[in-house]
Amino acid sequence: MRQAGRYLPEYRKAREGVPFLEMCRRVEKAVEVSLQPLRLVGVEAVILFSDIFVPVTGMGVDLDFAPGPVIATPIRSLEQVTALRVPDPRESVPYVMEILGALRRELASERVPLLGFAGAPFTLAAYLVEGRGSKDFATLKRMMYRAPDVLRALLARLTEMTIGYLNAQIDAGAQVVQLFDTWAGLLSPADYRTWVSPIHREIARRVTRSKAPLVLYVNDGAHVLDEMIASGADVLSLDWRVDIADAARRAGSRASLQGNLDPCALAAPPARIRELVAEIAAAAAPARGHVLNLGHGVLPETPVEGVRAFVDAAKALPVRSV
Ligand code: CP3
């Protein structure tokens, strides 16, 4: 899950005076902050420092961060959709592949896996249509009902982009790739089956999973868990609202699980964090495999001590396969 960021004083220092997208483009800076959670809190995997909107800049969309993504001209028409390019990410965002290559060299002597990631098409479309973050993404939902062809065309382009982007990351050295569908949980189960599941299945089919397992994250997705299981992803990353013991029973041998402590729980005293980690590990024990993680990204207000207690508690658990 999101592990670099503002909760770390060292991140805030590195970011001083540098606009966020510039951080993502400057290879040296991005490598430095990608490694901060490994060096400073001892996590057991490194995730590329970037953002789900980085490859979207290569499609010809004008956007910025304040601090979340803000789209200069939200996409509302078919003309705007057809104007979107689906470029080769090696050409449009070469620095992402350079960051991955540099991280692999950096991690060569350590047994630390490197994760790449992408935003899922539905979540990218949510911001592109709405123009910025929102509680309910009402403009996007209106488009589902009033201009479904426009949304379908937008999702199709974003799906092509996402598949090319994840495969380019795998070629550049990502050993696991994670697909973030942060807003797909806003949908009813029926709408999710129509608008989201076919895309997840296509991505799972066309991403080179023989080289890098695919992790699928859906925020607020307890009501679509069976659809997630059927997606073909290797690992399902669960938010904290999901009962992980129940998820383990339902997934059986079809998928491994990741998660799912409430990020707010990192405010608890270390002893309590240890108990919570032990409870999640025990509940997930029947799963095919389990990657201990949070149920969403680390929040900016999180005490570093809480993150460290979580990581230490995770490392004290017996190792299991995924
Ligand atoms: O360690 C890591 O995981 C870093 C890489 C990473 C970032 N964003 C850096 C970032 C990853 C994997 C993401 C994913 C991402 N970005 C998602 C999907 C996962 C999720 O959290 O649900 C989404 C929806 C985004 C879009 C986005 N980017 C938002 C909504 C924001 C604002 C967040 C906030 O906390 O205010 C961002 C900015 C962003 N992306 C930050 C970081 C470290 C905050 C950066 C800053 O201001 O310095």
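Model, not experiment: these values are computed from the prediction.

### A word on the nonpolar core
Grouped together as the largest cluster of nonpolar side chains are 125 residues, with contacts concentrated most on Phe-53, Val-96, Leu-128, Leu-154, Leu-236, Leu-238 and Leu-257. Here this core takes 11 residues from helix 10 (residues 148-171), the largest share from any one element. With residues up to four places along the chain from it excluded, the contact list for Leu-238 reads Tyr-217, Leu-225, Met-228, Ile-244, Ala-247, Leu-257, Gln-258, Gly-259, Asn-260, Leu-294 and Gly-295.

### A look at the site of the ligand
Residues in contact with the ligand amount to 24 residues; listed here are only the nearest, Ala-4, Arg-6, Tyr-11, Arg-15 and His-296. Here Gln-3 contributes a backbone N or O atom positioned 3.0 Å from an oxygen atom of the ligand. In the model, an oxygen atom of the ligand is placed 2.7 Å from a nitrogen or oxygen of the Thr-182 side chain. Within the complex, 91% of the 880 Å² of free accessible area of the ligand lies under protein.

### Some words on helix 9 (residues 138-146)
For helix 9, the full list of buried residues reads Thr-139, Leu-140, Met-143 and Met-144. Buried residues in helix 9, looked at end-on, bunch into an arc of 150°, giving them a common side. Facing away from the buried side of helix 9 by more than 90 degrees, the exposed set consists of Tyr-145 and Arg-146. Where helix 9 is buried, its residues contact helix 8 (121-130), helix 10 and helix 11 (189-195).

What counts and how
- Residues numbered from 1 in each chain as written.
- Predicted model: local features only at pLDDT ≥ 70, side-chain atom pairs only at ≥ 80, totals over all residues.
- Heavy atoms only, no water.
- Core = buried A, V, L, I, M, F, W, Y, C linked by side-chain atoms within 4.5 Å.
- Buried < 20%, exposed > 50% of the residue type's maximum accessible area, 1.4 Å probe, protein only.
- Helix = DSSP H or I, 4+ residues; strand = E, 2+ residues; numbered from the N terminus.
- Contact = heavy atoms within 4.5 Å.
- Near = heavy atom within 4 Å.
- Polar contact = N/O pair within 3.5 Å; in protein donor to acceptor, adjacent residues only side chain to side chain.
- Areas by Shrake-Rupley, 256 points an atom, 1.4 Å probe, with all protein chains shown as cover.
- Arc of directions from axis to C-beta.

Remember that the coordinates give geometry; whether it matters functionally is a separate question.
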